[in-house]
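# Geometric and topological summary
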Number of protein chains: 2
Amino acid sequence: MEASEAGRGTGGSGTAGQVWLRTPARAGRAAPPLTRERIVEEAVALLDAEGADRLTMRRLAERLGTGSTTLYWHVKTKDDVLDLALDAIFAEVEIPPEGGQGWRAGITALINGWRAVLLRHPWSAALLSRPMLGPNVLARSEFLYATLLEAGVTGPGLTAAAYGLSNYVIGSGLMQATWPTGAEREVRRAAREYLHANRERYPVLAAHGPLVADDDWETGFALGLTWILDGIEAGIARADERGPMSAGR
Amino acid sequence: MEASEAGRGTGGSGTAGQVWLRTPARAGRAAPPLTRERIVEEAVALLDAEGADRLTMRRLAERLGTGSTTLYWHVKTKDDVLDLALDAIFAEVEIPPEGGQGWRAGITALINGWRAVLLRHPWSAALLSRPMLGPNVLARSEFLYATLLEAGVTGPGLTAAAYGLSNYVIGSGLMQATWPTGAEREVRRAAREYLHANRERYPVLAAHGPLVADDDWETGFALGLTWILDGIEAGIARADERGPMSAGR
DNA sequence: ACCTGAACACCGTTCAAGT
DNA sequence: ACCTGAACACCGTTCAAGT
């Protein structure tokens with residue numbers, strides 16, 4: 001019964017296992033042949049090319065022309081590599097310009113960009129099960145919160161709105177990125193056949209089944225996003241009725 | 001460059017790697033000492049106790065009093081064990097009674113039950129990155145689709161509504177199950193400190209940060225769910241205006 | 001400051017062999 | 001039909017040693 005040591009490695013200079021909360025320790029001088037950046041960059045390339053469970057310290061090192069143990073000078077664990085790779089792709093999500101086209105447009109743009117990145121790097125959806133605290137993620141969260149706040153979303157509605165939006169993208173991205181496409185299209189066909197064969201037990205699924213065509217993902221996502229935004233907007237309207245200054249409750 | 005063989009194991013009797021789509025091959029006679037059910041049950045227990053990355057064929061076998069290689073008689077791969085375990089916990093999600101209290105109440109009950117299960121077995125959230133085709137999952141999807149259909153949701157709105165709801169629970173569950181709690185509470189504190197220390201870069205986050213108290217999860221989830229349901233309901237209302245029989249478009 | 005090699009304690013899975 | 005043991009080809013990570 002050695003189940004008590006659930007917490008991960010207890011880390012070096014920082015308080016906890018997360019990369020982001022640890023102090024950098026060294027500020028790289030002149031760019032050395034092997035840098036943390038190059039490792040992360042190559043990790044993303046490897047993940048894009050072969051998926052999450054083919055990422056190995058040994059294989060990653062090979063692509064970089066080093067031994068696997070060398071990586072551990074620049075990086076503490078494999079989990080660090082994953083955290084860093086996950087944050088790196090968030091840099092691809094464009095942050096909409098400031099005084100733009102109103103809050104709905106800004107948030108819609110951010111969420112759509114976010115979703116696009118998740119689909120461009122399908123492995124990322126599965127990695128989202130680790131707390132996202134990297135600088136690129138935080139910068140985009142900052143925009144989300146600031147825009148909502150500026151739109152008039154206050155108090156508990158603020159976190160609800162932010163979480164609602166985030167959860168929705170994450171869930172959607174996870175489901176779509178995960179769902180068999182391309183090479184695994186055969187699984188999809190087999191699933192449809194399976195549902196059809198068992199249509200007595202699952203009549204509605206067999207008829208209107210969840211194995212939709214590719215286009216439906218887009219419209220479905222957009223529709224759900226609209227619903228959430230409408231809900232947020234209605235909340236703002238109600239708050240305004242009670243007087244624009246009554247932020248408290 | 002051996003990156004071409006992306007597809008998983010190409011399976012035995014069925015078409016693809018998924019457990020569900022394969023034919024059972026043997027119908028267990030009198031219950032043997034080691035059954036597929038016992039394996040799955042023990043796997044869930046192990047996952048609950050120690051989390052996903054501590055589940056090992058060897059450790060699982062040890063808990064069952066066998067050698068690890070014996071498991072492969074009852075199960076094809078470790079992924080099968082995970083798929084089966086994931087479906088098993090879905091049996092805990094109660095399917096609301098048929099002619100109940102209206103569609104909103106029914107769906108709300110299902111979604112809340114679903115969420116409760118995800119939080120009771122936090123490892124499950126991370127496993128959701130595999131297509132869910134097990135019988136327990138399908139039975140609940142069937143209820144969801146049937147209820148929506150009965151409520152008057154039609155055409156593309158149906159898949160949008162079903163996916164919107166599913167994605168929302170999954171995203172929420174993933175985020176909350178993932179977010180450091182309990183033993184890893186220290187990470188949370190460190191994160192808050194980190195945000196505070198960098199409050200010049202993340203002013204809004206530092207002030208209204210995403211590191212909420214536990215209660216906020218509940219209210220936030222309920223609020224977002226209401227928004228989505230409102231959106232679905234509004235869609236039904238619009239469809240009814242155009243005449244109750246105009247399902248088509 | 002950075003890189004290397006050997007080594008440790010594991011993995012998932014196969015397969016011939018037993019009963 | 002079910003279980004076992006030995007074996008293969010891997011893992012992540014540590015650490016003394018090199019430059």
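Residues numbered from 1 in each chain as written. Chains lettered and ligands numbered in written order. Predicted model: local features only at pLDDT ≥ 70, side-chain atom pairs only at ≥ 80, totals over all residues. Heavy atoms only, no water.

Chain A has the name TetR family transcriptional regulator in an unreviewed UniProt entry, where Planobispora rosea is given as its organism.

Next up on the list: the overall build of chain A. Within chain A, the regular secondary structure consists of 11 helices and zero strands. In chain A, the succession of helices and strands from N to C terminus is α-α-α-α-α-α-α-α-α-α-α. Burial statistics for chain A: of 249 residues in total, 47% are counted as buried. If you take every contact in chain A between residues at least 6 apart in sequence, the share linking residues at least 24 apart comes to 68%. Accessible area for chain A stands at about 12300 Å²; split by element, carbon and sulfur atoms hold 54% of it. (Helix = DSSP H or I, 4+ residues; strand = E, 2+ residues; numbered from the N terminus. Buried < 20%, exposed > 50% of the residue type's maximum accessible area, 1.4 Å probe, protein only. Contact = heavy atoms within 4.5 Å. Areas by Shrake-Rupley, 256 points an atom, 1.4 Å probe, with all protein chains shown as cover.)

The biggest cluster of nonpolar side chains holds 145 residues, and the ones touching the most others in it are A:Ile232, B:Leu148, B:Leu165 and B:Ile232. With 11 residues, the single largest contributor to this core is helix H8 (residues 155–178) of chain A. With residues up to four places along the chain from it excluded, the contact list for A:Ile232 reads A:Trp103, A:Leu148, A:Val153, A:Ala161, A:Leu165 and B:Trp227. (Core = buried A, V, L, I, M, F, W, Y, C linked by side-chain atoms within 4.5 Å.)

What follows concerns the domain arrangement of chain A. All names here are of chain A. Entries for chain A in the domain assignment read domain 1 (3–89) and domain 2 (94–178 + 216–242). With 15 residues of domain 1 at the interface, the matching set in domain 2 holds 15 residues. Counting the surface domain 1 buries against domain 2, the share from its top three residues, Leu-86, Asp-87 and Ile-89, is 43%. Counting across the interface, domain 1 meets domain 2 through four residue pairs in polar contact (both at pLDDT 80 or more). Counting residues per element, the ones that place at least two in the side of domain 1 that touches domain 2 are helix H1 (36–50) and helix H4 (78–90). If you tally residues by element for the side of domain 1 that touches domain 2, the top one is H4, at eight residues. A per-class count over the side of domain 1 that touches domain 2 returns 10 nonpolar, one polar and four charged. (Domains from an automatic or database assignment. Buried area = accessible area lost by both parts, 1.4 Å probe. Polar contact = N/O pair within 3.5 Å; in protein donor to acceptor, adjacent residues only side chain to side chain. Nonpolar A, V, L, I, M, F, W, Y, C, P; charged D, E, K, R; others polar.)

Before going further, it helps to spend a moment on the protein's contact with DNA strand C. Around DNA strand C, the structure places 19 residues, and the nearest of them are A:Thr69, A:His74, B:Arg58, B:Thr69 and B:Lys78. Of what DNA strand C places within 4 Å of the protein, 47% of the atoms are sugar or phosphate. Here a sugar or linking oxygen of DNA strand C and a side-chain polar atom of B:Thr56 are 3.4 Å apart. (Near = heavy atom within 4 Å.)

A word on helix H4 (residues 78–90) of chain B. Residue and element names in this part refer to chain B. Given a rise of 1.5 Å per residue, 13 residues ought to cover 18 Å, and the 19 Å separating the end C-alpha atoms of H4 matches this to within 8%. Buried residues dominate H4, accounting for 10 of its 13 residues. If you check which residues of H4 are buried, you get Asp-80, Val-81, Leu-82, Asp-83, Leu-84, Ala-85, Leu-86, Asp-87, Ile-89 and Phe-90. Residues of H4 that are buried in the fold lie against helix H1 (36–50), helix H2 (57–64), helix H5 (103–120), helix H6 (123–127) and helix H7 (135–151). A side-chain oxygen of the first residue of H4 lies 3.2 Å from the backbone nitrogen of Asp-79; this N-cap is Thr-77. (Expected span 1.5 Å × (residues − 1).)

In this section: the protein's contact with DNA strand D. Surveying the vicinity of DNA strand D reveals 19 residues, the closest of which are A:Arg58, A:Thr69, A:Tyr72, B:Thr69 and B:His74. Protein-adjacent atoms of DNA strand D, using a 4 Å cutoff, are sugar or phosphate at a proportion of 45%. Within the side chain of A:Thr56, an N or O atom sits 3.4 Å from a sugar or linking oxygen of DNA strand D. Here a phosphate oxygen of DNA strand D and a backbone polar atom of A:Met57 are 3.1 Å apart. When residues of the surface near DNA strand D are traced back to their parent elements, those giving at least two are helix H2 (57–64) of chain A together with helix H3 (71–74) of chain B.

Turning next to the relation of the copies chain B and chain A. In screw terms, the move from chain B to chain A is a rotation of 180° and a rise of 0.0 Å along the axis, fitting with an RMSD of 0.0 Å. The symmetry that links the two subunits is that of a two-fold axis. Of every C-alpha in chain B, the one belonging to B:Gly171 sits nearest the axis of rotation, 2.0 Å from it. Most of the interface of chain B is mirrored in chain A: 100% of its interface residues are interface residues there too. (Least-squares fit on C-alpha atoms with pLDDT ≥ 70 in both.)

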